[in-house]
Amino acid sequence: MGRAILHLDLDSFFVSVERLFDKSLIGKPVIVGGTSNRGVVSSCSYEARQFGVHSAMPIVKAKRLCPNGIFVSGRMSDYGKYSGIVTDIIEARSPMFEKASIDEFYIDLTGMDKFFGAYKWSSELRQAIIKETGLPISWGLSVNKMLAKMATNEAKPNGQYMIEPGKEQDFLDSKHVSKIPMCGEKTVEFLATKGIQTIYDLRQFSVEALHGWLGKQGSFLWKRSHGIDTGEVHPYHDPKSMSSERTFGTDTNDLEWLKKVLMSLAEKLAFDLRGESKLASCVALKLRYSDFSTHTKQMAIPATSNSKILIEKTLHLMDEFYERGRKVRLVGVKFTNLAEGNYQINMFDDRDKDILLYKAIDEMKNKHGEGKVILAQNLNINVREHHDSRAALHKEVKREEGKAKKAGKKE
Ligand SMILES: [Mg+2]
C-alpha cells in the first residue's frame, strides 16, 4: 500500500489574520508587506492577485499595479500566535506531522485509510481549524509531499483536493511546468526555449537529456514530472513544549492503569524539564478513544518543574475530563509555555523538601539510568493516594538508594 500524505496551507495567511482584527478588509485587495516603498509583498489577498500582485514583489510595483489596494505593515507577533493555535489543533489530532513553514503543514496519514478514511479525517481537521480560528485553509491529499502540495494549490482558495490513487500521472500531465514546486521562473523560461510547456512535454525527455541541460535541477525535474518524491514527513518539535504519549496495544478503560501510565509520563517529562533547567506553566492531557476521536484539555499553573505538582495536575485533568468507561487508545501529557528557570528558585517555600528529594532522584537517575527508577517509582505508588505521593516518593527514594548502593558494590 502506498503512502498517504496530507498537505495543509492557510490561504493568504497574513491577510486572513489581519481580517480577523479588521472585518472591513474582507473582500478588498489587501497587501501585507510594509507601507514604505522599499519593502516587498509578504502576503496579498486573492482580490489583490487579480491585479497581478504576488508575494515577494516590490511594494512599489504592487502600488503601481493595484493603486487602490489597502497596504498594511503587518503584525508578526499575531501571525506567530495564530500559527501556534493552528499547530496545536493539528498536533492534538494528528499521528505525526511536519510544520514546513509558519502556515504550512504535512501530515503522514499512511495506514489510517483502513480505519476511517484519510479523506474524511482531513475534511474534519480542516473544518475544526476553520471553526476554531476563523482562518481559511486548504489541503491536498496524495501519495507524496510534492503531489500533496500541488493538490493544495489546485484546491486554493479555501478548498480541498484529493488526487485519486492511480491518477497521479494524469493529474500532472496537463499542468504547466511552472506548477512544479521549486521550479523557478528562469527554469520555466529555459524549458520554453526547448518547446516544453506542460509536465507531459517535460517527461518526453530522458533524465540524461534534462541533466545535460540543467544538471542536478534537471534530474530533480525528471523525477517530479514522473510524480516521484521520496521526501519524508519530518516530525515537529515545539521548542516551547515537551510532550510524551503512549499508544496501547489493546484499548483499555482501566482508570487505575491509565493513571499509572500518566504518572509515569508526567514524571519522565518533569525529570526532562529539570534536566534542561526549564519550568512549565501549562499542563495538557491528551486522550484518544478507541474510535480515534481525540481530546486535549489543558490548565495553566504557576511555573514549576516540581514532579509532585505536575503529576497532580495531570491526574486532576484526567479525573475531570475522562469519560468513565470509554476505551482509550492513547494517552499523552504535554507541558507547555516553557521558560528558562530552575527549581531551586523555590528553595524558600514549603516545598524545599520536595526540591531536595528531586535533586536526589535526578542525581540517581543520571547515575543509574532513569528508566529503572521511573518504573519502580510509578508502579509502586498507589494511584488512589497520589495526594500523598511525597511520602511515597520518599519511601521509593530510600528503597532505590538502597538498591543503588547494593548495585554499586557489586560492580
Ligand atoms: Mg499559505
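Everything below is about the structure printed above this text.
The rules behind each value
- Residues numbered from 1 in each chain as written.
- Predicted model: local features only at pLDDT ≥ 70, side-chain atom pairs only at ≥ 80, totals over all residues.
- Heavy atoms only, no water.
- Helix = DSSP H or I, 4+ residues; strand = E, 2+ residues; numbered from the N terminus.
- Buried < 20%, exposed > 50% of the residue type's maximum accessible area, 1.4 Å probe, protein only.
- Contact = heavy atoms within 4.5 Å.
- Areas by Shrake-Rupley, 256 points an atom, 1.4 Å probe, with all protein chains shown as cover.
- Pairing = 2+ DSSP bridges.
- Axes fitted to C-alpha atoms, helices over the stretch in contact; angles between N-to-C directions.
- Expected span 1.5 Å × (residues − 1).
- Polar contact = N/O pair within 3.5 Å; in protein donor to acceptor, adjacent residues only side chain to side chain.
- Core = buried A, V, L, I, M, F, W, Y, C linked by side-chain atoms within 4.5 Å.
- Donors = N, O, S within 2.8 Å, 3.2 Å for Na, K, Ca; no water.
- Left-handed = near helix turned anticlockwise from the far one by under 90°.
- Nonpolar A, V, L, I, M, F, W, Y, C, P; charged D, E, K, R; others polar.

### With respect to the overall build of the protein chain
Part 1: The helix and strand tally for the protein chain stands at 17 helices and 13 strands.
Part 2: Looking at the protein chain residue by residue over its 411 residues, the buried ones come to 46%.
Part 3: Sequence separation of at least 24 residues holds for 64% of the intrachain contacts in the protein chain that already meet a minimum separation of 6.
Part 4: For the protein chain, the exposed surface amounts to about 20600 Å²; the carbon and sulfur share of it is 52%.

### Description of the sheet that holds strand 6 (residues 104-108)
Part 1: Strand order in the open sheet formed by five strands is 5-6-1-7-8, with mixed pairing between adjacent strands. The open sheet has two edge strands, strand 5 (97-101) and strand 8 (160-162), and neither has a second partner. Put simply, the sheet's adjacent strands are angled 15° from each other on average, direction ignored.
Part 2: Alignment of strand 7 (residues 137-142) against strand 8, held across three bridges, turns out to be parallel. In the strand pairing of strand 8, Gly140 is matched with Tyr161.
Part 3: Against the sheet, helix 6 (residues 118-133) makes contact with strand 1 (5-10), strand 6, strand 7 and strand 8, and its axis sits at roughly 165° relative to strand 7, the strand it touches most.
Part 4: The strands touched by helix 7 (residues 145-155) are strand 1, strand 5, strand 6, strand 7 and strand 8; relative to strand 7, the strand with the most contacts, the crossing angle is about 140°.

### A word on unusual backbone geometry
Part 1: Cis geometry is adopted by the peptide bond preceding Pro157, which originates at Lys156 and carries an omega value of -5°.
Part 2: Here Pro157 is to be found in the loop between helix 7 and strand 8.

### Some thoughts on helix 13 (residues 255-275)
Part 1: In this model helix 13 runs 30 Å from its N-terminal to its C-terminal C-alpha over 21 residues, within 8% of the 30 Å that 1.5 Å per residue would give.
Part 2: For helix 13, the capping residue at the N-terminal end is Asp254, with a side-chain oxygen 3.2 Å from the backbone nitrogen of Glu256.

### Observations regarding the side chain of Thr152
Part 1: With respect to the helices, strands and loops of the structure, Thr152 is situated in helix 7.
Part 2: You can call Thr152 buried: its relative accessible area is 0%.
Part 3: At a separation of 2.8 Å, a polar atom in the side chain of Thr152 contacts the main-chain amide nitrogen of Gly140.
Part 4: The contact partners of Thr152, leaving out residues within four places of it in the chain, are His7, Asp9, Ser138, Trp139 and Gly140.

### Considerations on the nonpolar core
Part 1: Counting 31 residues, the largest nonpolar core has Leu6, Leu8, Phe13, Ile90, Ile107, Leu109 and Leu125 as the members making the most contacts within it.
Part 2: Contributing elements (two or more residues each) for this core: strand 1, helix 1 (13-21), strand 2 (30-32), helix 4 (76-93), strand 6, helix 6 and strand 7.
Part 3: In this structure, Leu125 is in contact with Leu6, Leu8, Ile89, Ile90, Arg93 and Ile107, ignoring residues within four places of it in sequence.
Part 4: Core analysis: the second largest hydrophobic core is formed by 28 residues, Met242, Leu285, Leu287 and Tyr289 among them.

### Observations regarding the coordination of the magnesium ion
In a perfect tetrahedron of four donors around a metal, the angles come out at 109.5 degrees. In a perfect octahedron of six, they are 90 or 180 degrees.
Part 1: Donor atoms from the polypeptide that coordinate the magnesium ion comprise Asp9 (OD), Leu10 (O) and Asp103 (OD), at 2.1 to 2.4 Å from the metal.
Part 2: Sequence spacing among the residues donating to the magnesium ion works out to D-L-x92-D. With a gap of 93 residues between them, Leu10 in strand 1 and Asp103 in the loop between strand 5 and strand 6 connect regions that are remote in the sequence. Assigned by exposure class, Leu10 and Asp103 land together as buried.

### Points about the packing of helix 13 against helix 14 (residues 307-321)
Part 1: With their axes 9 Å apart at the nearest point, helix 13 and helix 14 run at an angle of 145° to one another. With respect to the hand of their crossing, helix 13 and helix 14 are arranged in right-handed fashion. Residues Leu255, Leu258, Lys259, Leu262, Met263, Ala266, Glu267, Ala270, Leu273 and Arg274 of helix 13 touch helix 14, and the partners they reach there are Ser307, Leu310, Ile311, Thr314, Leu315, Met318 and Asp319.
Part 2: Looking at side-chain class alone, the contact of helix 13 with helix 14 contains eleven nonpolar, two polar and four charged residues.

### Quick word on the sheet that holds strand 2
Part 1: An order of 3-2-4 is seen for the three strands of this open sheet, with the pairing classed as mixed. Each end of this open sheet is capped by a strand with a single partner; those strands are strand 3 (43-44) and strand 4 (70-72).
Part 2: Taken together, the three bridges between strand 2 and strand 4 define a ladder with parallel strand orientation. Paired with Ile31 across the two strands is Phe71, which belongs to strand 4.

### So, the packing of helix 4 against helix 6
Part 1: As a packed pair, helix 4 and helix 6 sit with axes 10 Å apart at the nearest point and diverge in direction by 145°. Viewed along their axes, helix 4 and helix 6 form a crossing whose handedness is right-handed. Residues Tyr82, Ile85, Val86, Ile89, Ile90 and Arg93 of helix 4 touch helix 6, and the partners they reach there are Trp121, Glu124, Leu125, Ala128, Ile129, Glu132 and Thr133.
Part 2: Of the residues that constitute the contact of helix 4 with helix 6, the class distribution is nine nonpolar, one polar and three charged.

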